Amino acid sequence: LRHAKTTGKESGATLRSLSFNLRESWKNSDDILALRVARGSVTPEALVSMDQRDLAPESVKRALEEREAKQRRLEDEERIKAELALKNAPACTQCGERTVSLHSMTNGGTYAQERELIQKAECFSCGHKWRL
């Protein structure tokens, strides 16, 4: 552990993590970390400088990569939806920008038949408010 870049409490956590990963690697047939260390393909210096991702078995790495790819796809979809919403947003009647917040509300009397649904818009750029 003298090659690790940790001190104090971190070194204890690093030691626990290393011992856990070495022990658990025997249970996983696709990547045996302890065997790679024993054969010398992973040096002790490299072992203590590995992070959690490097120590993880290949199956866990694949699962993490799949989860990250799914997260990236979701973020891309959200970004595209936001861009489309911005393109379809009404333009401000004062400044012409499309950075508008829309609010739907009911307006009218006491009875449901007397109420109407109205939309109001507020421009983020100039602060202008208007009814659609």
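Structural data are supplied above this passage.
Rules of the game
- Residues numbered from 1 in each chain as written.
- Predicted model: local features only at pLDDT ≥ 70, side-chain atom pairs only at ≥ 80, totals over all residues.
- Heavy atoms only, no water.
- Pairing = 2+ DSSP bridges.
- Helix = DSSP H or I, 4+ residues; strand = E, 2+ residues; numbered from the N terminus.
- Axes fitted to C-alpha atoms, helices over the stretch in contact; angles between N-to-C directions.
- Contact = heavy atoms within 4.5 Å.
- Polar contact = N/O pair within 3.5 Å; in protein donor to acceptor, adjacent residues only side chain to side chain.
- Core = buried A, V, L, I, M, F, W, Y, C linked by side-chain atoms within 4.5 Å.
- Buried < 20%, exposed > 50% of the residue type's maximum accessible area, 1.4 Å probe, protein only.

Draft legend 1. Molecular detail of the sheet that holds strand β3 (residues 129–131). Within the open sheet, the 3 strands sit side by side as β1-β2-β3. Their pairing is antiparallel. In this open sheet, the two edge strands, each paired with only one partner strand, are β1 (100–107) and β3. Between one strand axis and the next, the sheet turns by 25° as a mean value, whatever way the strands run.

Draft legend 2. Representation of the environment of His103. Looking at the secondary structure, you find His103 in strand β1. Ignoring anything within four residues of it in the chain, the contact list for His103 reads Ile118, Gln119, Lys120 and Glu122. Polar side-chain contacts of His103 include one of 3.2 Å to the side chain of Ser101.

Draft legend 3. Structural detail: the nonpolar core. If you look at the biggest cluster of nonpolar residues, it comprises 7 residues: Leu18, Leu33, Val42, Leu47, Val48, Met50 and Leu55. With 5 residues, the next largest nonpolar core counts Val100, Ala121, Cys123 and Trp130 among its residues.

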